[in-house]
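# Descriptive structure summary
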Amino acid sequence: MRRPQTRETAPFIEDVLASLKKRSKALKHKNSAPQIERFLESEGDLTRERVEILIAKPRSMQRLQVTIWSDRMVEAQACEPGQYKGWKFTYDIYGRVVGDVGGRELVAAIEASLSAMFEITQANTSKLERIWSPLLAQGPKAV
């Protein structure tokens, strides 16, 4: 029987949250104060923690949401609605954090994403891809 993970046994999440707290003043100066919510997910006898970090810029309607799980899975979603309809851009990436990447690198990716989002359109979301893909293992892809 697996032992459920609790907040005390999720060092990856604690590392990310501690790094985010260290950068909170810098984020606040960029009008990018994150909203953080913690959840426990249960499936059978397995419990894992999930943290959602949402940064929404009301003036530009941009949103960046990063969801992290205690087993080092991460999903990053960025979007901005178009002026009249549809989306100016959407971006989504999901994978397991590679190697010894920790909270400091993830928070740096969040900050870099927020800076890059000012000039992104759907045609150049590769800027976000360059930020996130080195951090996340995504498995084999069909070509």
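Structural notes, computed from the coordinates.

Scoring rules and cut-offs
- Residues numbered from 1 in each chain as written.
- Predicted model: local features only at pLDDT ≥ 70, side-chain atom pairs only at ≥ 80, totals over all residues.
- Heavy atoms only, no water.
- Helix = DSSP H or I, 4+ residues; strand = E, 2+ residues; numbered from the N terminus.
- Buried < 20%, exposed > 50% of the residue type's maximum accessible area, 1.4 Å probe, protein only.
- Contact = heavy atoms within 4.5 Å.
- Areas by Shrake-Rupley, 256 points an atom, 1.4 Å probe, with all protein chains shown as cover.
- Lys, Arg positive; Asp, Glu negative; His and termini not counted.
- Charge placed at Lys NZ, Arg CZ, Asp CG, Glu CD.
- Salt bridge = Lys/Arg side-chain N within 4 Å of Asp/Glu carboxyl O.
- Pairing = 2+ DSSP bridges.
- Axes fitted to C-alpha atoms, helices over the stretch in contact; angles between N-to-C directions.
- Core = buried A, V, L, I, M, F, W, Y, C linked by side-chain atoms within 4.5 Å.

A few words now on the overall build of the protein chain. Within the protein chain, the secondary structure is distributed over four helices and six strands. Start at the N end of the protein chain and walk to the C end: the helices and strands fall as α-α-β-β-β-β-β-α-α-β. Expressed as a percentage of its 143 residues, the buried residues of the protein chain come to 39%. When contacts within the protein chain are restricted to residue pairs at least 6 apart in sequence, those whose partners lie at least 24 apart make up 49%. Of the roughly 8900 Å² of accessible surface on the protein chain, a fraction of 53% belongs to carbon and sulfur atoms. The positive charge centre, built from 23 side chains, and the negative charge centre, built from 18, are 7 Å apart in the protein chain.

This brings us to the pattern of salt bridges. All chains considered together, the criterion is met by nine salt bridges. For Arg48, the salt bridge goes to Asp71, with nearest N and O atoms at 2.8 Å. Taken as a pair, Arg48 in strand E2 (residues 46-57) and Asp71 in the loop between strand E3 (62-69) and strand E4 (73-81) lie far apart in primary sequence, 23 residues in all.

As summarised here, the arrangement of the six strands in space is E1-E2-E3-E4-E5-E6, forming an open sheet in which the pairing is antiparallel. Two strands bound the open sheet, and with one partner strand each, they are strand E1 (35-43) and strand E6 (136-137). When E2 meets E3, the two strands line up antiparallel, connected through eight bridges. Each bridged residue has a counterpart across the sheet, and for Ile55 the counterpart in E3 is Leu64. Sitting on the sheet, helix H1 (residues 11-22) touches E1, E2, E3, E4 and strand E5 (87-97), and the angle it makes with E2 is about 20°. Of the strands in this sheet, E2, E3, E4 and E5 touch helix H3 (residues 103-116), which is tilted by about 165° from E3.

Moving on, we come to the nonpolar core. Grouped together as the largest cluster of nonpolar side chains are 34 residues, with contacts concentrated most on Val66, Ile68, Val74, Leu106, Leu128 and Trp132. If you list the elements that add at least two residues to this core, you get H1, E2, E3, E4, E5, H3 and helix H4 (126-132). No other element matches the six residues that H3 contributes to this core.

This next bit is on unusual backbone geometry. The backbone of Arg72 sits at a positive phi, close to 75°, despite the residue not being glycine. With respect to the helices and strands, the residue Arg72 is situated in the loop between E3 and E4.

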